[in-house]
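Chain by chain, the residues run as shown.
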Amino acid sequence: MLLFKYISFHYLKFFFIILSALVMFLVGFDYMDNADSLSESANLMLIYLVYKAFFAIDMLLPLSLIFAMISTKIFLIRSNALVSFYSLGYSRIDVLRPFVVVSTLVIVLFISLHSLSSFSRAEEFSKNIRKNSAYLSPTKDLFFTHKDKYIYFSEMLPLQEKAKGIRVFTIKDNVLKEVIVASSAVYRDDSWYIRKADIITKPDDMSFDSPGMRIKEGKGLKILEGFRPKMLDQVYEGKVNFTIKDAIDALFLLKDQNINISAIKGALYKIFIYPFFVPCLVVIIFFFVPISVRFLNVSLFSFGAILATLLFWGVLFMLIEISNNKIIPSEVGVVAPVVILFLIALRQWRKYRLRR
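Being a predicted model, the structure only gives us computed values, none of them experimental. Residue numbers here run from 1 along each chain, matching the order of that chain's written sequence. Local features in this predicted model are restricted to residues of pLDDT 70 or higher, and side-chain atom pairs are both shown and tallied only at a pLDDT of 80 or more, whereas totals for entire chains, interfaces and linings draw on every residue. Remark: hydrogens and water are excluded; side-chain values derive from all non-hydrogen atoms of the structure.

Remarks on the packing of aromatic side chains
Stacked, tilted and edge-to-face are the three classes assigned to paired rings of Phe, Tyr and Trp, where Trp is represented by its six-membered ring and a pair needs centres within 6.5 Å; plane angles under 30 degrees give stacked, over 60 edge-to-face, the rest tilted. Scanning all chains against the criterion turns up 17 aromatic pairs. Aromatic side chains Phe 277 and Phe 312 sit 5.9 Å apart centroid to centroid with 40 degrees between the ring planes, which places their arrangement in the tilted category. With Phe 277 in helix H10 (residues 277-286) and Phe 312 in helix H11 (residues 298-324), the pair connects residues that are 35 residues apart, well separated along the chain. The class of Phe 312 is partly exposed, set by a relative accessible area of 23%. Chaining the aromatic ring pairs together yields one cluster made of Tyr 51, Phe 54, Phe 110, Phe 119 and Phe 125. Here the guanidinium or amino end of Lys 13 rests over the ring plane of Phe 75, the centre of that ring lying 5.7 Å away. Segments assigned H or I by DSSP are reported as helices when at least four residues long, segments assigned E as strands when at least two residues long, and all are numbered from the N terminus. For each residue, the accessible area found with a 1.4 Å probe, counting protein chains only, is set against the maximum for its type, and the residue is called buried under 20%, exposed over 50%, and partly exposed in between. Only Lys NZ and Arg CZ are tested; either one counts as a charge over a ring when it is within 6 Å of the ring centre and within 35 degrees of the ring normal.

Regarding the sheet that holds strand S3 (residues 162-172)
Read from one edge of the open sheet, 6 strands run S1-S2-S3-S4-S5-S6, paired in antiparallel fashion. If you trace the sheet from one side to the other, it starts and ends with strand S1 (139-146) and strand S6 (214-223), each paired once. Neighbour-to-neighbour, the strand axes of this sheet turn through a mean angle of 20 degrees, independent of strand direction. Being paired, for any two strands, means DSSP has found at least two bridges between them. Relative to S6, strand S5 (residues 191-201) runs antiparallel, the two being bridged by 9 bridges. Following the sheet pairing, Trp 192 is matched in S6 by Ile 223. For helices, the axis comes from a line fit to the C-alpha atoms of the stretch in contact; other axes are also lines fit to C-alpha atoms, and the angle between any two N-to-C directions lies between 0 and 180 degrees.

Written out as C-alpha cells, the structure reads:
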C-alpha cells in the first residue's frame, strides 16, 4: 500500500505539472496568433481562453499521462527508489500497478467530462467566438430528411431553440403530397412546435378537372419529435464533437431512417475507446526501462520514449480524422489500433507477471 501511494503521488504530481505546462503553451500560442481577430470585450476574450483551455485538455490529457509515467519512472531510477523497491521484494507488476490504476481512473474521469457540452464542443465554441463574437452561431440553410418528410430551416438558433423559414415537404411513393410553410418554430416538450402555418395540399389527380391546390391554415403543429436543436446542428452540419447524450440519442433516432450514422459511431468510439490507448502504452513503455542508471542512458531513453509516444499518438489522431471524413470505417481508424495495442500490453503484462 505504501508503494502504491508513493508512486501514485509522484505520478499525479508530474501529470498535473506536464498537463498545465502543455495547456498554457497551447492556449498562449493560440492567443498570440489570434489576438487581433478576437473581440475587444474582456468577457468574450476570457470565455474564448477558457474554451481553448478545455480543448487543449481534451487533446493533451492522454499525452500528459504517458509523459508523466516516463518522468516518474526516470525519477524513481535516478533516486534509486526503483532498485530499493525490487530489493524489498516488490515485482515489476507491483511497481507498474499504480501507473495503470491511476491512468485508468483519470481516463474514466476524462470520458465523463464529454457529457458536458462546454467541454466536448469547446473547439467549436472558441471558433464561433473568434469569428462571430458568440459561442453559438446560427446554422443557415439546414435541409434534411426525417421519416417520410423533408425539412428545410433557413436559419436555426440552437441557443434560443428556435428556427426560422420553415418548409416541411411530405413525400409518399416518391410523389410530393403536402407542403407546410411557416415563418418560425420553437423547440418545446421534445418536439418542434409551429404556432401558425400554411398547409398546401397537392391533389392526386393533376388533370384539368382536378380541384387544384388547396391551402389551409394550420395551428399548433408538432414536427421532429425528439430532435433537440443541438442534435440537429451536430448531425446535419456534419460536426463530430458530440456530447455523450447527444451522440447516443442521435444514434437511436437515426439508425432506422436510412441515414449514415458512421460519424456518430466514430464520435462514440473516440470518446469511449480512443483514450484507453494510454494505459496500454504505459504498460508497453514501462517494461522497456532498465532498473538502474548503470544500464540506461536516461536522456536517450526519454527522447526515444517521448518520440515513440508522439508518433503513435499522431498516427492514431490521423486515423481518427480520416475515419471522421468517412475514408475508412471508424472501426478500423479508432477501435482496431487500440485493440492491437491492448493485446500487446496484455502479452507484456502476462510475460512479466511472475518475474521479479
